[in-house]
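A structural walkthrough
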4 protein chains.
Amino acid sequence: MEANRYDTYSENTAGRANVADSPERVAYYEELARLETGALWTVANKIEPWAPRSASVPVVWRYQDLRGHVLRSAELVSPEEAGRRVIYLNNPGRRDVAAAVGWLYSGLQVMKPGELASAHAHSHSALRFIMEGRGAYTVVDGHKMTLGANDFVLTPNGTWHEHGVAQDGTTCIWQDGLDIPLVNALEAGFYAVHPDLNQTVTHPVDDTSGAWGGVALRPQVSGWTKPYSPLFKYEWEPTYEALRRYARTTAGSPYDGVLLEYVNPATGGAVMPTIGASMQLLRPGEHTKAHRHTGSFIYQVAKGSGFSIIDGQRFDWTERDIFCVPSWAIHEHANLSSNDDACLFCFNDLPVMRSLSLYREEVVKDNDGHQIPSKPLTTWSS
Amino acid sequence: MEANRYDTYSENTAGRANVADSPERVAYYEELARLETGALWTVANKIEPWAPRSASVPVVWRYQDLRGHVLRSAELVSPEEAGRRVIYLNNPGRRDVAAAVGWLYSGLQVMKPGELASAHAHSHSALRFIMEGRGAYTVVDGHKMTLGANDFVLTPNGTWHEHGVAQDGTTCIWQDGLDIPLVNALEAGFYAVHPDLNQTVTHPVDDTSGAWGGVALRPQVSGWTKPYSPLFKYEWEPTYEALRRYARTTAGSPYDGVLLEYVNPATGGAVMPTIGASMQLLRPGEHTKAHRHTGSFIYQVAKGSGFSIIDGQRFDWTERDIFCVPSWAIHEHANLSSNDDACLFCFNDLPVMRSLSLYREEVVKDNDGHQIPSKPLTTWSS
Amino acid sequence: MEANRYDTYSENTAGRANVADSPERVAYYEELARLETGALWTVANKIEPWAPRSASVPVVWRYQDLRGHVLRSAELVSPEEAGRRVIYLNNPGRRDVAAAVGWLYSGLQVMKPGELASAHAHSHSALRFIMEGRGAYTVVDGHKMTLGANDFVLTPNGTWHEHGVAQDGTTCIWQDGLDIPLVNALEAGFYAVHPDLNQTVTHPVDDTSGAWGGVALRPQVSGWTKPYSPLFKYEWEPTYEALRRYARTTAGSPYDGVLLEYVNPATGGAVMPTIGASMQLLRPGEHTKAHRHTGSFIYQVAKGSGFSIIDGQRFDWTERDIFCVPSWAIHEHANLSSNDDACLFCFNDLPVMRSLSLYREEVVKDNDGHQIPSKPLTTWSS
Amino acid sequence: MEANRYDTYSENTAGRANVADSPERVAYYEELARLETGALWTVANKIEPWAPRSASVPVVWRYQDLRGHVLRSAELVSPEEAGRRVIYLNNPGRRDVAAAVGWLYSGLQVMKPGELASAHAHSHSALRFIMEGRGAYTVVDGHKMTLGANDFVLTPNGTWHEHGVAQDGTTCIWQDGLDIPLVNALEAGFYAVHPDLNQTVTHPVDDTSGAWGGVALRPQVSGWTKPYSPLFKYEWEPTYEALRRYARTTAGSPYDGVLLEYVNPATGGAVMPTIGASMQLLRPGEHTKAHRHTGSFIYQVAKGSGFSIIDGQRFDWTERDIFCVPSWAIHEHANLSSNDDACLFCFNDLPVMRSLSLYREEVVKDNDGHQIPSKPLTTWSS
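These numbers were taken from a predicted model, which means no experiment stands behind them. (Residues numbered from 1 in each chain as written. Chains lettered and ligands numbered in written order. Predicted model: local features only at pLDDT ≥ 70, side-chain atom pairs only at ≥ 80, totals over all residues. Heavy atoms only, no water.)

**Some details on the UniProt feature "domain: Cupin type-2" (unreviewed entry) in chain A**
Look at the UniProt record and you will see "domain: Cupin type-2" (unreviewed entry) annotated at residues 108-174 and 280-346 of chain A. Taken end to end, residues 280-346 of chain A is 0% helix and 58% strand, and its first and last C-alpha atoms sit 8 Å apart. (UniProt positions renumbered as here; feature names shortened; annotations may be inferred. Helix = DSSP H or I, 4+ residues; strand = E, 2+ residues; numbered from the N terminus.)

Here is the structure:
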C-alpha cells in the first residue's frame, strides 16, 4: 500500500470493497491504528484474493552449475565449523525465509568418506535424496540405513538423526528437503543437539526395510503409532521397477504420466505429516497436458532429460537438475527422449494441503490442454 | 441341560448362579417358557463361561489323503452340475455349519485346462490360494489376475468373480477360504449369478498389481474407498523374499517366528473386513513357544515340513497339508528341517476379533513356554 | 438334509449346484466324510442362500404379562443364589443360544431398595435401560451413574461393573441388552468376578456426564482411546428434547420417522463396537413405510402405543412392551395416537454389520410401500 | 543479517554453525547468490532456532476502546462500499499479514437492523462470535442460523455464506475469526461472489441444530463426509450449562480451569480443519498455573473479569475484551471475582498443530508454577 493511501486495493466489483479515501476516513484510519486495529475494507481485497498469487517464482537449478560449488564448500569450511556443508536453494521470491519454493527448504549437501555429522533432532521434518557417491548412510533413532543413488531416507520430526559416509565410500552429494520455513512460520520450530553428539546404532542395519519393505505386507503386531512412516528408506530399484510395471497397465495421468506416491506402509498415507514424495515416469516422447493446483513442489530429475513449461515459461532439465513449481502455477512436463523414459523425483507439501482441506486443481481447456510459452491462458475447468 | 432339570449349570462360587431346583421353581420356569422367556440363573453359567470353549477341534488334513479325491471329483460331476468341484473341510465340531474351524469355510477346488466357472457375486468374502498347476486365473469386477503356486487372490464381498484355467495350462488345485459360516450366522448372506453367466475383462491383465504392487507406493489420486484391498493378488515370490529379508533383521516372535501379515496397501489394514491372511517363516530347527488367543486360524504349509502342538496334541505336517487352530487353543509350531526354512500360509478371522475388540492373548509360562503333549497346562501370563 | 440323501439342496438354476445322487457318488461322499471332508455341491445351495433367512421369529413380549413374573423372581431366589434375578427373552428360533433375536440377548432384571449385585467383568458388552423405579445406579470402573426411567447405561467389554438400588429408592426393573450370544459364538467370551466382590467408587457421581454430556463439546485433552464411549449414561430428558427439536426441522425417514442414534461423543460412532442404540419418535398418527435390512433389532416402547407389521404380521405394542425385528424381516411402524408422539428405544447389532461391511437395505415398492398383513410382497428396490 | 556480513548468526556451540567471514568465503557467498543459492551455515542458526520466537506480541483489545469506532464505521462507509464494516485487530508484530496473532485474523463487525451482506465463498474458514444485539443471523449453504450473544456460527472453507440482522432486531456487533493469513501464506486462498449476490434459504431455520444439536446423538444415516462440522451453530446456553455441570465433577486443568473444546459431532474432532474453538470457565478466585505451548490463541471474555499474565506481563480484562496469546508464550489466567465465574471463549490453530504433529507443551516448575510479572523464568518440565 502506498504511504498515506488507504484505498489502493479498491475494486469496482459488487461484493468487493470499494471505499475511496476522504479526510474524515483517513483520520479515522489513523485513530484505529493507534488501537492496534485497522478498517478491513482498506485491506480486504488484498487479503482475500480471487486466487492464489505465489510469492515464489519457477526456477531450475542446474547441477552442472552447482556441483563444483557444492564440492568446494567441503574445502572452504570444516564440518566442525559448518555443522553441515550445504548449498541451499534460494528462491528469488522467498529469500526472507530461505525457501526453495513456498514453505519448503532444499539444499545440496556434500560429505567425504569417513565423515560423520553430529546427531541432532528438530521439529522440522526432513528427507534426503542421494545424488551421487557410494557409502552414504543415515542413522535415525538408532536405525542405520545405507543409501545409494536415487534412494531417499526420512528423518522425521522429533527423531535423533545423523548422516555419514563410510570410510571406504566415495564423496557423496545429496539433496536435503525440509519443511523448515513452514514450521518456523507456524512458530513451532525446536532444535536440539544430541547429548553425546552421536547416537548408537541399536538395531540391525536396514532393519526398517526388513520389517516394512515388503509388497503389501506388515510385521505382525507392529504397534507403530507415530505420525510418520516406520519405513525410513525408500529404494530406487524397487520403485523404478514398480513404475515400469505400473506403466504396462495404466494410461497414466494426462498431467503427470505414470506417478506413484511414496507412502507410510502402516497407513497408506503420506510419508510424513508435512512432506509428501513421489516418483513419476514420463514415457519416451511423452508430453503431458497442463494443469495447476495448490501446493508447492520441488522436483529432481532422477533419470533422463526433458523440459517443463511453468506459467508459460519453458525450463529444460537433465539428470540431477532441480526445479520447482509454485502453488497454482500452470505446468506441464515433457520427456525429450524418443526411446528412454525420464523419471522425476518430487517432494511437496501436499499432505499439508490435504490435512487442511486446501487442495484445489484446475485443468487447461484450450489449445488441446497445452500452454503456448509466453502466452496467457484463458479457459479453465475445475 | 438334562430334560426336566434346570440346575445343571449351577456353580458353587460367589458371583455365579447356584439355584437348586424346587417344585415351585420348576413350575415357575415352565410358566416362563410359555411366555417365550426363561430365568437367567438357569443358564447364566452356561452362557457366561469363564473362558472360550471352542466347538471346533484341531484337525490336520493331509494333502496326500485328499488329492486323489479332489481330482476324482472332476470326473464324478461336471462343472455344469456342480457349479464348482470342491471338497470342503468339515471340522468334526462344526458339521452343522460346514466350517473348517470356527466360522471359516475352506475347500480344495480343482479345474482342468480350458475350464471357466460361471461368474457370481455374494456377500461372503473369499480368497483362493493356489496349490498346484499352471494357468489358473481369476476375474474380479473386470480385473483378470494370473496365478501361480502359493499366490493368492481376493474375491471380496459384493464383487463379481469367476475362476478359470487357461487352455494351455495344467489341471489346477487351490484352496478356497471364505467367511460363509460367519456371514450366514450373521444372517447377512446374499448370492447372485451374473446375468451373462460370465463377465468381460475390462482392464489390462494383472493391473491391480501394476497399480498397487510396489513397495510402499500408491497410485496418484487413487480414489479407492471400498472396504477391501485394491490389490487383488498377493504373489509368492516377493512375499518369500520379504520374509527372508525380514528374517535377517528380526529375532521374530517367540510364538510365530518371522511373520508378515498381508495388508490392504491403501490403509495398512487387513485385506478384507472379515478375513486376514499372513505368511510366516520358521527358521531351520525353530520351535516356537506356546500361546493362545481368540480367533480361528487355518494354515496351509506353503513350504517345508514340521509339526504343531495344539492343545497338547502333536500334528505333523508337510507341504500342502492344511491344519486348523481353534479359538483359545494353545499352540506352538516347529520346523523339523535343520537346514531349510518352512513357511505357513494362514487365513483367519483376526479382522473380526479386532473390529469388535474381542482379541485377547495369553502365553504359557511353565516348562520354558512349551506344552508337554497330552499334559494339561497350569500357569499363564496375559 | 434327509438321512442318506445328499441331493436335497439341488436347484435347477444355471450357476447353482444340481447333482443327483448315484450309488457311486454316495460311496464317494461317504469316503469323504471319513476324511473330515464333504463335497461342496451337496451343501452349496444351503450355505450360499440367495438372501438371509433368519432363524429368529418376530415376537412381542408384553410388559403386562412379564412384570408379575419379574417381581416374583425377587421372591423366589435370593441375590446370593441367582447372582442376578433376570427373566430373559427367549426367541423361539434361538433357544439354543438364549437370544432374544439374532445374536442379541435381552432380559428384565429386578432389584429391591438397598440391594447391590456383586461386581464382575466380561468380554461381553452390555447396556441397561431403566423401565421403572427410583434409585437405580450402576458403577463402571469406579464411575457411579444414577439412573431414572428411560435412561440407559453402558457396561462395556472388559469393564468392572455392578448394579444397585439406593436404600431410599423403590424396586427397580430394567431391561438388559447384551451381545452374549454373539461373543460366545465368536468363541471370545471371558468372565471374571471382582476380587473384592464390589468395587470402590473412585470418581464423583455422574462424572462421565459432566465431562462428555455437553452438546458438541469434549473435555480438553481427554486422552480417551478405548473402543467404546467415555459417556456411560444416556439420559432420557435431553434425548427426548433433542428428538422433538429435530422433529421440527426434519421430515424424518420414511421408514423410521424421526430417529437419532446414540453415539460415542469422542468419535461420533457407535456407543460400543458390537451394540448400537437409538431412540426414534413417531409423530401422532405416523405410519412409516416398509423396508428390510440386515441386522437384528430389539425395541422397547419408551412412550406411547401403536403397532408394527413385521413380515406381514401385525404386533400391537404399548409403553414398556418389547419386540424384535429379525435380520432381513420387512417391517413398518405406526403410532396409534392422533395427538401424542410415540418413542421406541432400540438396541441392535448395526455396528457389527457396518464394521464387517454386511449392511444391506431394500425398500418395498408396491402398495404405496406398505405391507398387507398376511400377504407376501413382490416388488423391491435396493 | 547486517549488510555485507554473513556470520551474524554464528553460535559457538558444538553442533551449530560457527563460520567466520573471510574474503574468500564472502566471494564464494556472492557467487552462490548469483545462482539463486546460499551457504546453509550462514543462515542455519537463524532458520533452526532452539525454540519458537513468535513474531506476534501479546495484546489486549478493550471493548470500551473499540466499540465506538466499530459503531462509527457503520456511519462512515456504506455496506455497498465496504462489503462489510469491520475493524480488524492488527497485532503490532503481524501488520504485514493483518493478523491478530500468528496466522489468525480477527475483527469486529457491525450490522444494523434490516441489513444483509452479499453472499460469498472463500477457501478461508471462518467463525463469528456474537457480542451484542438481537436478530443476527447467518446463512450457510442454504441453512439459516439465528444467533444471540455468545453464540457462534461456522462459515467453513468453500461454503456460500452471508450475514444479516432481522428488520426487528437491534444493531449487532460480533467478532469474526478467520484463517485468512494462514491460507494466504499457504498460497491456497480463493474467493468468489455469489452469482445472485444472495442465496436462498433451502432448509428449515436452525435445522443443523435440530439434526446435530443433541447430547451424544446423531441423525440416522447422516451421510456427512465434509471435513468440517455439520452443526453450524454452537449456542451459549447449553455450553455454559455444560461447563457448570462439568465443573461439579472435575478439578479441571491446572493451566486452563474447566475447559471444553467445541467439536464436530460427526467425528469428535475439531470444528474445522484449520480452526479450533473452546469455552473455559474459571471458578471464583481461580488463578491457573503457567505453561506454554505451540499454537496461536485469541480469547474473548464471554463473562466476568480477571487478568492473564503472558510472558511476564499482566493484562487485565473484562467482559467483551479480546486478547491473544502467541505461540510458545508463557501464560496463566486469573478470575478476579470471588463469587462469580469467568468464561473465556477462544479460537485457535490447534487443529493445524495437531494435524501436522507440531503441538508441544511445557510447564513452569519454579515459583509454584506461577510467573512473577517482569521476571524471566528458569526451570521447565515438558
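**Quick look at the packing of aromatic side chains**
Tallied over the entire structure, the rule returns 74 aromatic pairs over all chains. Geometrically, the ring pair formed by Phe152(A) and Tyr234(A) is stacked, given 4.9 Å between the ring centres and 10° between the ring planes. With Phe152(A) in strand 9 (residues 152-155) and Tyr234(A) in strand 14 (residues 233-234), this pair connects stretches of sequence that are 82 residues apart. On the numbers, 5.6 Å between centres and 85° between planes, the contact of Trp50(B) with Tyr191(C) is edge-to-face. Separated into two different chains, Trp50(B) in the loop between helix 2 (44-47) and strand 2 (60-61) and Tyr191(C) in strand 12 (residues 191-193) make up a pair that spans both. Taking relative accessible area as the criterion, Tyr191(C) reaches 5% and is therefore assigned buried. (Phe/Tyr/Trp six-rings, centres within 6.5 Å; stacked < 30°, edge-to-face > 60°. Buried < 20%, exposed > 50% of the residue type's maximum accessible area, 1.4 Å probe, protein only.)

**Focus: the pattern of salt bridges**
Following the criterion strictly, the structure yields 90 salt bridges over all chains and no others. Note that Asp206(A) is salt-bridged to Lys233(A), the shortest N-O span being 3.1 Å. Pair noted here: Asp206(A) is in the loop between strand 12 (191-193) and helix 6 (207-212) and Lys233(A) is in strand 14, with a separation of 27 residues, a long-range link. Side by side, Asp206(A) and Lys233(A) carry an identical accessibility label, which is buried. With a closest N to O distance of 2.5 Å, Asp341(C) and Lys303(C) form a salt bridge. Pair noted here: Asp341(C) is in the loop between strand 22 (331-335) and strand 23 (342-348) and Lys303(C) is in strand 18 (residues 297-303), with a separation of 38 residues, a long-range link. No difference in accessibility class separates Asp341(C) from Lys303(C), as the two residues are buried. (Salt bridge = Lys/Arg side-chain N within 4 Å of Asp/Glu carboxyl O.)

**Thoughts on the arrangement of the chains**
Separating chain A from chain C is a minimum C-alpha gap of 12 Å, and the two share no contact. Looking at chain B next to chain D, you find no contact at all, with the nearest C-alpha pair sitting 12 Å apart. (Contact = heavy atoms within 4.5 Å.)

**Considerations on the relation of the copies chain D and chain A**
Least-squares fitting of chain D to chain A yields an RMSD of 0.0 Å, with the transformation described by 0.0 Å of translation along the axis and a rotation of 180°. One copy is carried onto the other by what is essentially a two-fold rotation axis. Distance from the rotation axis, computed per C-alpha, reaches its smallest value in chain D at Ser355(D): 3.2 Å. Take the interface residues of chain D: 99% of them recur as interface residues in chain A, which is what a same-surface contact looks like. (Least-squares fit on C-alpha atoms with pLDDT ≥ 70 in both.)

**Some thoughts on the domain arrangement of chain A**
All names here are of chain A. Domain boundaries in chain A define domain 1 (1-50), domain 2 (60-212) and domain 3 (233-381). Summarising the inter-unit geometry, the C-alpha centres of domain 2 and domain 3 are found 24 Å apart. Across the contact, 39 residues belong to domain 2 and 32 residues belong to domain 3. Together, the buried faces of domain 2 and domain 3 total about 3000 Å²; carbon and sulfur atoms form 68% of this surface. If you sort the residues of domain 2 by the area they bury against domain 3, Leu-104, Asn-150 and Phe-152 come out on top, with a joint share of 22%. Here domain 2 is connected to domain 3 by twelve residue pairs in polar contact (both at pLDDT 80 or more). Secondary-structure elements contributing two or more residues to the side of domain 2 that touches domain 3 are strand 2 (60-61), strand 4 (105-111), strand 6 (126-132), strand 8 (143-147), strand 9, strand 11 (172-178) and helix 6. Counting residues per element, the side of domain 2 that touches domain 3 draws most heavily on strand 6, at five residues. Residues belonging to the side of domain 2 that touches domain 3 are distributed by class as follows: 24 nonpolar, ten polar and five charged. (Domains from an automatic or database assignment. Buried area = accessible area lost by both parts, 1.4 Å probe. Polar contact = N/O pair within 3.5 Å; in protein donor to acceptor, adjacent residues only side chain to side chain. Nonpolar A, V, L, I, M, F, W, Y, C, P; charged D, E, K, R; others polar.)

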